[in-house]
Structure formats: C-alpha cells, structure tokens
Amino acid sequence: MNKKILTITIPCYNSQDYMKKCVDHALLGGELVEILIVDDGSTDDTAKIADAYAEKYPTIVKAIHKENGGHGDAVNTGIAHATGVYFKVVDSDDWLDKEAYKQVLKVLKKLVEDEKDLDVLLSNYTYDKVERRKKRVMRYHGALPEKRIISWEDSRIRFNKFQYVLMHSVIYRTQLLKDCGLQLPKHTFYVDNLYIFEPMIHVKKLMYLNVDLYHYYIGREGQSVNEKTMMKRIDQQMLVNRTLIQFFSENRKELPPQMYRFLFQYLDMMMCVASSICVVSKDKELYKKKKELWKYLKDTDAELYKELRTTLFGITFNLHGPTGRWFARTGYRLFQKLFGFN
C-alpha cells in the first residue's frame, strides 16, 4: 500500500535531550506512517537530529524547519504538510506504546482498505508522572462502545465529567482538519484544548479503541502543565477559555444532544482548570482574573453562564470568602492526587 495510513506530527522546540525516544517509537509504524518532525525555530541540536532522521528514513520521516511560532503553529504546519489519511500529534517528550500502536495501525489500515468513513478515533493515554509508580490511565470505557463506528446520535455515548479528552486521545481524519480550517493561534500555550473543541463539531463518525496508546510525560521543569508555569501563563489559559466560550456559544444550538453534552462538559472542565489555578495561587490579581473570566462568560451568553455556574465545578470554584477558597483549593489538591495531571 503506497498511501500513508497515519501522519504523526512531532512539534519540537529545543527538544534535543528527549526527542529521540519519541521519534524511535513512532518509527515502529514503518511504511504505514509518515513522520513530520516540525522544528519550531530551535536553537539547540533539534534541527540537526531531525535532518539525520530524515536522511536515514527518507520514505518515512520529513524534517520541517520554521521560525518559532509556538506549539499550535507547529501543529498547523503539520496539518498543512500531512499526506496520511489520519493525523496524530505526539509531543516530543511523549511517546507511543509499541503494542497499542500496532493495534491502532491495524484498525486504521482496515478502515482505509474497506473505505469506511471515520472522522476520529479515540484511544487511552497514560499520565506518565515521574514520581508515581502506579501510572494513572485515562480510559473511555462506558463512554463509547468499543471498536464500533458510531455517530453522535448514538444514545450509548456517555462521557462522564472525569473522562477528559486531550490531544493525546484523538486521531483525526486529516482531510477533516484541513477542511474545517483549524488554525491554532501562534505563541500561545494550551491550544491543544482548541484542537479538541473546534474540529469536534465537524465529526460525524467516531470510534473508541480501548488501548493505552499514548504516554503523556509529566515532570519536566518548565513544562506547560507545571503548576507554577500555569500560574505565570494564566493570561494564555484565559485567552483559550474565552475562545472556547465564544465558539461554543455560537454553535451550541445546532449540536446533537450527545455532542452538546460532551462539549459542555469539556468547557466545564476548562473553566475548572482556569479557576482552580487562580484560586490555588493565593494571588489577588489572579482571583481578579478568575472573576473577569466568569463575567466574560455571563456577558457573552447568560444562559450558558447559568448552566456552567450550577455544575459541581462551577459551584466549587466560585465559593466566596477565605473558607470558600480553602474548600476549592482542597478539592483541587484531591483531584490532583487522584489523577496526577500536573
């Protein structure tokens, strides 16, 4: 088969110390995959390593060099250059599980051969947090039937509040990403949430494969999900949240009920993340930013504000006074311990 089944885009910025593990695992897909190493203006040996892989594996690996534009812009570049039928982003400090990867490629190859329509494949990811022996795996059993192509009209779709879908969970049909015109903003962190949210309204057919495909490494200093880093970059998180609010408000009345529920819960979680970082910081300026975010929501869509304000997260992170903030911080630490998300 000459057609590439899957394009794997690996955004790299000064990734020389860890990118080889990521690329080596992606190479296990052989000629079924196209690997795009997107060097996002690195100043270390990332570009040299990318070029070496492209030279050694010319039918599989392409090295793309560009000016620094941030993670989202590197993903945009990957989408623009992708030729595979399906598309996945793997961050340069993460990697794919060997056996799960084989299973995913087998399923995708069969779908292509049988000319089956599928817009997105979901699989599990592992929070590979350095100091935790037992790794937390995000699975979607119960949320979706397994190994079945279904539509959003299917009543069996039952995501719960804690089955959080990340960029790590999804493999989109490449043409869907091209056709929907997704353009992630430059020089902005946390745009992976837009990558889930915006293309999803164009998804008509989806499937869940219950394999632990993606290892999400957590523990590197300066990582975007590091709690202190998130506090420093709270304005970028707020920008992403406002974009999600605006997008959902504009489209929500046209959505099938199951898709509405999924995206509503996603936005609920994102409001929780932004609010919790502000509360945990104990910084009055960040408290103010939290209030401004909720005011933006209310001014944009009063009905949606009422819906989100009365969820468990909405109530917890809007309790007033020192006692309320203590309760919110305690809840955040409990979830952090259970899930190991940063």
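Right, let's walk through the structure included here. (Residues numbered from 1 in each chain as written. Predicted model: local features only at pLDDT ≥ 70, side-chain atom pairs only at ≥ 80, totals over all residues. Heavy atoms only, no water.)

1. Thoughts on the environment of Ile5
Residue position: Ile5 is located in the segment before strand S1 (6-12). Considered as a pair, Ile5 and Lys102 are 97 residues apart in the sequence and their alpha carbons are 12 Å apart. Ignoring anything within four residues of it in the chain, the contact list for Ile5 reads Leu32, Gly84, Val85, Tyr86, Leu108, Lys109 and Val112. (Helix = DSSP H or I, 4+ residues; strand = E, 2+ residues; numbered from the N terminus. Contact = heavy atoms within 4.5 Å.)

2. Some thoughts on the pairing of strand S9 (residues 170-173)
Pairing of strand S4 (residues 86-89) with S9 involves 2 bridges; the strand directions are antiparallel. Pairing of Tyr86 across the sheet is with Arg173, part of S9. For strand S6 (residues 120-129) and S9, the ladder comprises 3 bridges, and the chain directions are antiparallel. Its bridge partner being in S9, Leu121 is matched across the sheet by Ile171. (Pairing = 2+ DSSP bridges.)

3. A look at the pattern of salt bridges
Applying the stated criterion across every chain, the model contains 18 salt bridges. The shortest N-O distance in the salt bridge between Glu31 and Lys4 comes to 3.1 Å. With a gap of 27 residues between them, Glu31 in the loop between helix H1 (19-26) and strand S2 (33-40) and Lys4 in the segment before S1 connect regions that are remote in the sequence. For Lys4, a relative accessible area of 12% corresponds to the buried category. A salt bridge links Arg252 to Asp301, with the shortest nitrogen-to-oxygen separation between them at 3.0 Å. Of the two residues, Arg252 sits in the loop between helix H8 (234-251) and helix H9 (257-281) while Asp301 sits in the loop between helix H10 (284-300) and helix H11 (302-309), which places them 49 residues apart along the sequence. A relative accessible area of 10% places Asp301 in the buried class. (Salt bridge = Lys/Arg side-chain N within 4 Å of Asp/Glu carboxyl O. Buried < 20%, exposed > 50% of the residue type's maximum accessible area, 1.4 Å probe, protein only.)

4. Describing the pairing of strand S10 (residues 205-218)
S10 sits mainly inside the fold: 10 of its 14 residues count as buried. In this sheet, S10 lies alongside strand S5 (residues 95-96) in antiparallel orientation, the contact comprising 2 bridges. If you follow Leu96 over to S10, its bridge partner there is Tyr214. Direction of pairing for S6 relative to S10: parallel, over a ladder of 9 bridges. Directly across from Leu121, in S10, lies its bridge partner Met207.

5. A closer look at empty space enclosed by the protein
Under the defined criterion, the tally for this structure stands at 1 cavity of 30 Å³ or more. Its boundaries defined by the atoms lining it, the largest cavity holds a volume of some 90 Å³. Tallied by class, residues from the lining of the largest cavity come to 6 nonpolar, 3 polar and 1 charged. (1 Å grid on protein atoms, 1.4 Å probe; cavity = no way out; pocket = protein on both sides within 12 Å on 5 of 7 lines; lining within 4 Å. Points joined across faces, edges and corners; volume = space filled by probe spheres on them. Nonpolar A, V, L, I, M, F, W, Y, C, P; charged D, E, K, R; others polar.)

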